[in-house]
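So the chains spell out like this:
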2 protein chains.
Amino acid sequence: MGRFRRLCVFCGSSEGKSPVYVEQAKMLGQELAKRGIELVYGGGSVGVMGALARAVDGAGAKVTGVIPHSLMQRELSGEAIGELVLTKGMHDRKAKMASLADGFIALPGGYGTMEEVLEALTWVQLGIQSKPVGILNTNHYYDALIAMIDTGLREGFIKEKHRDIYCVSDTVTGLLDKMEQHTPPPGLTTWLSPEES
Amino acid sequence: MGRFRRLCVFCGSSEGKSPVYVEQAKMLGQELAKRGIELVYGGGSVGVMGALARAVDGAGAKVTGVIPHSLMQRELSGEAIGELVLTKGMHDRKAKMASLADGFIALPGGYGTMEEVLEALTWVQLGIQSKPVGILNTNHYYDALIAMIDTGLREGFIKEKHRDIYCVSDTVTGLLDKMEQHTPPPGLTTWLSPEES
Ligand SMILES: [Mg+2]
C-alpha cells in the first residue's frame, strides 16, 4: 500500500492532436487502479479527461468527478463516470478536489489545466498544503511551462527553495514513483491555513 | 478619457535580478496615472509590487491594495500604499480584485502571478468575464508562458478562437494601447455567471 489513497488529476476536455495524449491518459488510469489509488477529477466524460476516468473505472478503481452545475452541459456528453459531486462554482470545485486528494497530477490541457497546476504549486509555496504535485510531461507538452518556472528562478521571482516543489516525468510509472518519494523542501513556512485559501 | 477606470496588476513581491523589472514597473505606474487609471493590486509594499504602487501613488492616482489578513505580515513592510481592502482568503482577494477592475495586467512574478494571469484567461475562455488581459513582457520574461500557450494551440488543447484572448507587448504604452483597442474574439459563449466563478 503506497502513500496515496486518492489522486486528483487536472487535464483537458480535448483529446489533443496526437493519439499519444489519450493513450498515456489511459495508461495513467490503469496504473492508478493497479496501485489501488482512486481518481478525483473534473468530472467530464470527453477528451483526455473522459479517457482517463473510463480507464480507472474500467480497471475497477473508484472515480469521483467534481463539477460545477453550470459546466455539466459543456463537459458531460450524457454519460457520467463514477460518482459525481456537484459544486456551486469553479472555486468550490477546486477546494473540494484539493480536500479529497492526497496529491495532484497535471496531464496536458489548456488554460484551465495550466492554471490548476500553478495554483496547486502556489498553495505549496504559501504553505496552504504540502501534497505532492506532479507533471506528466507527455510528448514534451509541458516543456515550456517548466521553462517558465526556470525563468522565474533565474530572474529571481521564484526562490531557490521552491524549485523542487513539483515532480516531473514523461512516464506514468516514473511520475508516480517520484511522487511516492517526494518530500516538501525543508524550510517551507506555513502562512495560511486551508480555510484561508 | 480611455476605456479603463481601474486596472488590476498581478506581479511579484520580489524585485527580480535585473533592475529593469523595477524600472518598468515604475514606468507602468507613471503611465497609469498619466492616463487617469487607478491601480488595483495585491497590496504589498515590497518588490515589483511595491515599486509599482508607489509610482502610481506618487504620480497622484488612486491605489487600492487587496490583501488577505494572513498575508499582511509577509507582503507589507510596515508601510501601506493607498487604500487597503482586507479579505478573508486568497480566493476572496482575487474575486474582489476582479470585480473592482476593468482589465488585468501581468508584470513578472512567480508561481502566484503566473497562476493569476492564467486564471484571468480561463475566465475569459469560460465566458465568466470579457475584460482585457495584458502581459507586459519585460525583458522577455514571459516568452516561455507564451510558448506554453502556443503549444496548447498547436497540440489541440486550446481552441483557435481562444488564441487572441490576451494582449502582449514589451513596452508599457504598447501594451496599454493594445488593451484599449482589444475586443474579445467573436463566438465566445457565456457558460458561467460571475457568481459561479
Ligand atoms: Mg486559480
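In the block above lies the structure referred to throughout.
Draft legend 1. Spatial organisation of the pattern of salt bridges. Per the counting criterion, the structure on display carries 20 salt bridges over all chains. Of the charged contacts, one joins Arg154 of chain A and Glu155 of chain A as a salt bridge, the two residues approaching to 3.0 Å between their closest N and O atoms. Judged by its relative accessible area of 52%, Arg154 of chain A is exposed. With a shortest N-O distance of 2.8 Å, Glu31 of chain B and Arg35 of chain B are connected by a salt bridge. Among the residues examined, Glu31 of chain B registers a relative accessible area of 13% and is labelled buried. Classification of Arg35 of chain B by relative accessible area gives partly exposed; the value is 23%.

Draft legend 2. Inspection of the interface of chain A and chain B at higher detail. Between chain A and chain B, the contact holds 54 residues from the first and 54 residues from the second. Carbon and sulfur atoms supply 67% of the area that chain A and chain B bury against each other, a total of about 4,700 Å² over both sides. Taken together, the connections running from chain A to chain B amount to 2 salt bridges. As a salt-bridge pair, Glu119 of chain A and Lys94 of chain B come within 3.3 Å of each other at their nearest N and O atoms.

Draft legend 3. Main features of the coordination of the magnesium ion. Every protein donor of the magnesium ion is listed here as Glu115 of chain A (OE), Glu119 of chain A (OE), Glu115 of chain B (OE) and Glu119 of chain B (OE), and their distances to the metal cover 1.8 to 2.8 Å. In this pair, Glu115 of chain A is assigned in helix H5 (residues 111-126) and Glu119 of chain B in helix H5 (residues 111-126), connecting two distinct chains. Assigned by exposure class, Glu115 of chain A and Glu119 of chain B land together as buried.

Draft legend 4. Examining the relation of the copies chain A and chain B more closely. You can overlay chain A on chain B at an RMSD of 0.0 Å; the transform is a turn of 180° with a shift of 0.0 Å along its axis. The superposition operator between the copies reduces to a two-fold rotation axis. The share of interface residues of chain A whose copies in chain B are also at the interface is 100%, consistent with both copies meeting through the same surface.

Draft legend 5. The packing of aromatic side chains, seen in detail. Counted under the stated rule, the structure contains 10 aromatic pairs over all chains. Seen from their ring centres, Phe157 of chain A and Tyr141 of chain B are 5.3 Å apart, and the 75° between their planes marks the pair as edge-to-face. Remark: Tyr141 of chain B occurs in the loop between strand S6 (133-136) and helix H6 (143-154) and Phe157 of chain A occurs in the loop between helix H6 (143-154) and strand S7 (166-169); the pair is interchain, linking two chains. A relative accessible area of 7% means that Phe157 of chain A is categorised as buried. Residue class for Tyr141 of chain B comes out buried when judged on its relative accessible area of 1%. Aromatic pair Phe10 of chain B and Phe104 of chain B: ring centres 5.8 Å apart, planes at 10°, arrangement stacked. Of the two residues, Phe10 of chain B is situated in strand S1 (residues 6-10) and Phe104 of chain B in strand S5 (residues 104-106); the sequence distance between them amounts to 94 residues. For Phe10 of chain B, a relative accessible area of 6% puts it in the buried group. For Phe104 of chain B, a relative accessible area of 1% corresponds to the buried category.

Draft legend 6. Focus on unusual backbone geometry. Residues and elements named next belong to chain A. The phi dihedral of Asn139 falls on the positive side, at around 60°, and the residue is not glycine. Checked against the element boundaries, Asn139 lands in the loop between strand S6 (133-136) and H6. For Asn139, a relative accessible area of 43% puts it in the partly exposed group.

Thresholds applied
- Residues numbered from 1 in each chain as written.
- Chains lettered and ligands numbered in written order.
- Predicted model: local features only at pLDDT ≥ 70, side-chain atom pairs only at ≥ 80, totals over all residues.
- Heavy atoms only, no water.
- Salt bridge = Lys/Arg side-chain N within 4 Å of Asp/Glu carboxyl O.
- Buried < 20%, exposed > 50% of the residue type's maximum accessible area, 1.4 Å probe, protein only.
- Contact = heavy atoms within 4.5 Å.
- Buried area = accessible area lost by both parts, 1.4 Å probe.
- Donors = N, O, S within 2.8 Å, 3.2 Å for Na, K, Ca; no water.
- Helix = DSSP H or I, 4+ residues; strand = E, 2+ residues; numbered from the N terminus.
- Least-squares fit on C-alpha atoms with pLDDT ≥ 70 in both.
- Phe/Tyr/Trp six-rings, centres within 6.5 Å; stacked < 30°, edge-to-face > 60°.

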